[in-house]
Each structure stands twice: as structure tokens, then as C-alpha cells.
Amino acid sequence: MNILIIEDELRTAKSLEQIILKLKPEAKIAGQYQSVESAVAALSTGGQPDLIFMDIQLADGLCFEIFKSVSISCPVVFCTAFDEYSLDAFKNNGVDYVLKPFSKEDIQEALKKVDELKNFFQQKVMPDLGDLLSKLGAPAATKTSFLVFKNQKYTTVQVDNIAYFFIKNDCTIIVCFDKEQFIINQSLDQIAGMVSGKQFFRVNRQYLVNFKAIKEVEPYFLRKLYVKLVIETPEKLLINKEKSHNFLTWMEER
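Within each chain, residue numbers correspond to sequence positions counted from 1 in written order. Residues qualify for local features only when their pLDDT is at least 70, as the model is predicted, and side-chain atom pairs are given and counted only at 80 or more; totals for whole chains, interfaces and linings, by contrast, use all residues. To get the side-chain values, take all heavy atoms of the structure and skip hydrogens and water.

Here we look at the overall build of the protein
Thought 1: The secondary structure listing takes helices from DSSP runs of H or I that are at least 4 residues long and strands from runs of E that are at least 2 residues long, numbered from the N terminus. Scanning the protein for helices and strands turns up eight helices and 17 strands.
Thought 2: Expressed as a percentage of contacts within the protein between residues at least 6 apart in sequence, the contacts between residues at least 24 apart total 51%.
Thought 3: Carbon and sulfur atoms form 47% of the exposed surface of the protein, whose accessible area is close to 13900 Å². The contact definition used throughout considers only heavy atoms, calling two residues in contact when any of these lie within 4.5 Å. For the accessible areas, the method is Shrake-Rupley and the probe is 1.4 Å, while residue cover comes only from the protein chains on display.

What follows is the structure, given as C-alpha cells:
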């Protein structure tokens, strides 16, 4: 399988390449491009790859400009920090829409969807958009509240009132801006898929934080970042150097 990566962040592109080759050792990365212009030039002169991983916001514009210049018949997995382009992505050969920062599991699921839908692309016949969305599962609406149980009563907590989620003793805990805490049944992985990627960021395995809760960010030892929130956390919130760039980009692009 020949795979093309179109991504303007070199570190992200390298990380994506490493994950793909671990999951599919038989795959070959046919090329990496950082801009609309370079991607169009490559796709115009070379043959079609079997699959493209494509960032939406490139160095010189949105990737959808590529489709206006060249014909692409292979499936495309879109990777982006934003979710507002999901329908445009599915209209342009999109078989999955991966939100940054992505994990190995996200890419594994995307590759699985490609394998499941390969018959469509071998025939080079794109299914109806509605049919494709139904097969993939339309992007879920972001959750606005969580049902919680405390003091023998059920109540709801609005997502906007949540400063952060964290794991303690294998339990997932909601911490609100008023410092009230609730235990919920969902895992942090499940919650990360329910809430808005613009509003919340998974800083590490234990914490998912609300943008509004971030007070300041400081450089830390070994190129890590130290994130301080407006309310106290049980331990220091540290972001490793591999994730630091994605976090700062997430903070800036709002």
C-alpha cells in the first residue's frame, strides 16, 4: 500500500509516518508534502497513491483547494485540530476525520475503515454522501451535560461548568469551576470523544482540561510544558515534549 502524507507540521507528519508503519509494516510512505501547491504538483505528475492522510489547514490554504486542481480517486483520511470541516471532508473522498492530537488507536481505526470500504474505491465509484455517513457513523454531536449521582440524587452538570476531568484510583472524576466534584462511569477516552475538541484538551493520560480553566503555561524541564489552571489540581499538569506543539497550536487557533 502506497500512502501519501500531506501535513504542514513536520513533527506531526513524522509521528504519523511512524504510527502508520508500525500498524502496517508492509506500507510505503510515497511522499510527504506541506502545502497545497506541492501536493498538487506531486499528484499531477505522479500516479495515484492507495491512501492519503491529509491535514485540512496547510501552509498556503485549505486542502480542499487540491481537489479543485487534480482528480483524486483514492480514499482520504483527514487529520485536523478542528471539526467544522467534517462534511466537506466526507464530500472529498473522506473515509475518516481524525481530530488532533491523534493517537495510535485513532489511526488504527482509520486504517480499519479504509480496509472495510476498499471495495467502493476499487470500483472508483463514490457512494452517496448520506450512505457513506451512515456506514462510517456521522460525526456525533458534542455533549453538553453529564448525568451524575451524588448524595442519593441524580442531577446534571453542564459541560461549560466543568474545569477538568481526571483519573484517580481508576475512577473518572469531574471537577467544576466551583470545585464541586462528581464521579462518573465513562472513561477519559470516552469523554474525550464526547466533548468538543476545541473546548477540551487531553494534556496527559490522567487529565482532560477545559480551555477556560487554563490560567497560564510555563516551559518546564526537558522541554515539557507546565499547565496551571484557575483552580488547584492534585498534581502538576505536565505535557510531554511530543505533545507540546499540538497543545500550543490548540491554544492559539481559537
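Details of the sheet that holds strand β16 (residues 224–229)
Thought 1: Reading across from one edge, β15-β16-β17 is the order of the three strands in this open sheet, with antiparallel pairing throughout. Looking at strand neighbours, the two that pair on one side only are β15 (214–220) and β17 (237–239), the edges of this open sheet. Averaged over neighbouring strand pairs, the angle between their axes works out to 30° when direction is ignored.
Thought 2: Relative to β16, β15 is paired through six bridges, and the arrangement is antiparallel. Residue glutamate 216 lies in a different strand from β16, and its bridge partner there is lysine 228.
Thought 3: Those strands touched by helix α8 (residues 241–252) are β15, β16 and β17, and its axis lies near 45° from that of β16. Here a strand pair is declared whenever DSSP counts at least two bridges between the two strands. Orientation is described by lines fitted to C-alpha atoms, with helices fitted over the stretch in contact, and by angles between N-to-C directions that extend from 0 to 180 degrees.

Some points on the pairing of β16
Within a regular strand, the side chains alternate between the two sheet faces.
Thought 1: Here β15 folds back onto β16 in antiparallel fashion, the turn holding three residues, of which leucine 222 has a positive phi close to 60°.
Thought 2: Here β16 pairs with β17 via three bridges, running antiparallel. Among the inter-strand pairings, valine 227 is bridged to a residue of β17, identified as leucine 237.

Examining unusual backbone geometry
Glycine aside, negative phi is the norm for most residues, and most peptide bonds take the trans geometry.
Thought 1: The phi angle at asparagine 169 is positive, at roughly 55°, despite the residue not being glycine.
Thought 2: The topology assignment puts asparagine 169 in the loop between β10 (162–168) and β11 (171–176).
Thought 3: With a 1.4 Å probe rolled over the protein chains alone, any residue whose accessible area is under 20% of its type maximum counts as buried; one over 50% counts as exposed, and the rest are partly exposed. Judged by its relative accessible area of 67%, asparagine 169 falls in the exposed class.
Thought 4: Not every positive phi belongs to a glycine, and aspartate 170 is a case in point at roughly 65°.
Thought 5: Among the structural elements, aspartate 170 can be located in the loop between β10 and β11.
Thought 6: By relative accessible area, which is 79% here, aspartate 170 ends up exposed.

So, helix α1 (residues 10–23)
Thought 1: The end-to-end C-alpha distance of α1, which contains 14 residues, comes to 20 Å, matching closely the 20 Å that a straight helix rising 1.5 Å per residue would cover.
Thought 2: Among all positions in α1, only Thr12, Ala13, Leu16, Glu17, Ile19 and Ile20 are buried. One face of α1 carries all of its buried residues, which in axial projection span an arc of 170°. Among the exposed residues of α1, those pointing more than 90 degrees away from its buried face are Leu10 and Lys22. Take the residue count of a helix, subtract one, and multiply by 1.5 Å to get its expected span. This arc is taken over the directions from the axis of the helix to the C-beta atoms.

Some remarks on the confidence of the model for the protein
Thought 1: A score between 0 and 100, pLDDT records how confident the predictor is in each residue. Considering every residue of the protein, the mean pLDDT works out to 83; 85% of them sit at 70 or more.
Thought 2: Contacts for the low-pLDDT stretch residues 123–140, under 50 throughout, to residues beyond four places or in other chains number 25 contacts.

Things to note about the nonpolar core
The nonpolar side chains of soluble globular proteins are, as a tendency, buried together.
Thought 1: Throughout, nonpolar core names a set of buried Ala, Val, Leu, Ile, Met, Phe, Trp, Tyr and Cys residues whose side chains join them through atoms within 4.5 Å. Counting 20 residues, the largest nonpolar core has Ile6, Ile52, Met54, Cys63, Ile66, Ile72 and Phe78 as the members making the most contacts within it.
Thought 2: Judged by nonpolar contacts, the second largest core, of 19 residues, contains Phe201, Ile214, Ile239 and Phe247.

Some thoughts on the pattern of salt bridges
Thought 1: For this document, the term salt bridge refers to a Lys or Arg side-chain nitrogen within 4 Å of an Asp or Glu carboxyl oxygen. Enumeration over the complete set of coordinates arrives at seven salt bridges.
Thought 2: Across the pair lysine 24 and glutamate 26 runs a salt bridge whose closest N-O atoms are separated by 3.8 Å.
Thought 3: Residue lysine 24 is classed as buried on the basis of its relative accessible area of 13%.
Thought 4: In this structure, lysine 24 and aspartate 115 form a salt bridge, with 3.6 Å as the shortest nitrogen-oxygen distance. Taken together, the residues span a long stretch of sequence, with lysine 24 in the loop between α1 and β2 (28–33) and aspartate 115 in helix α5 (residues 104–122) at a distance of 91 residues.
Thought 5: Since its relative accessible area comes to 35%, aspartate 115 is described here as partly exposed.

Here we look at the packing of aromatic side chains
Thought 1: Stacked, edge-to-face and tilted are the three classes for Phe, Tyr and Trp ring pairs, Trp counted by its six-membered ring, which pair at centre distances within 6.5 Å; planes under 30 degrees apart are stacked, over 60 edge-to-face, the rest tilted. Summed over all chains, the structure comprises 13 aromatic pairs.
Thought 2: Between phenylalanine 166 and tyrosine 207 the ring centres are 5.5 Å apart and the planes differ by 15°, which places this aromatic pair in the stacked class. Residue phenylalanine 166 is found in strand β10, and its partner tyrosine 207 is found in strand β14 (residues 207–210); the two are separated by 41 residues along the sequence.
Thought 3: Overall, phenylalanine 166 belongs to the buried group, its relative accessible area being 4%.
Thought 4: Members of the aromatic cluster, each reached through a chain of ring pairs, are Phe201, Phe211, Phe247 and Trp250.
Thought 5: Any Lys NZ or Arg CZ that is within 6 Å of a ring centre and within 35 degrees of that ring's normal is treated as a charge sitting over the ring. In this structure, lysine 143 packs its charged tip against the face of phenylalanine 146, placed 5.3 Å from the ring centre.

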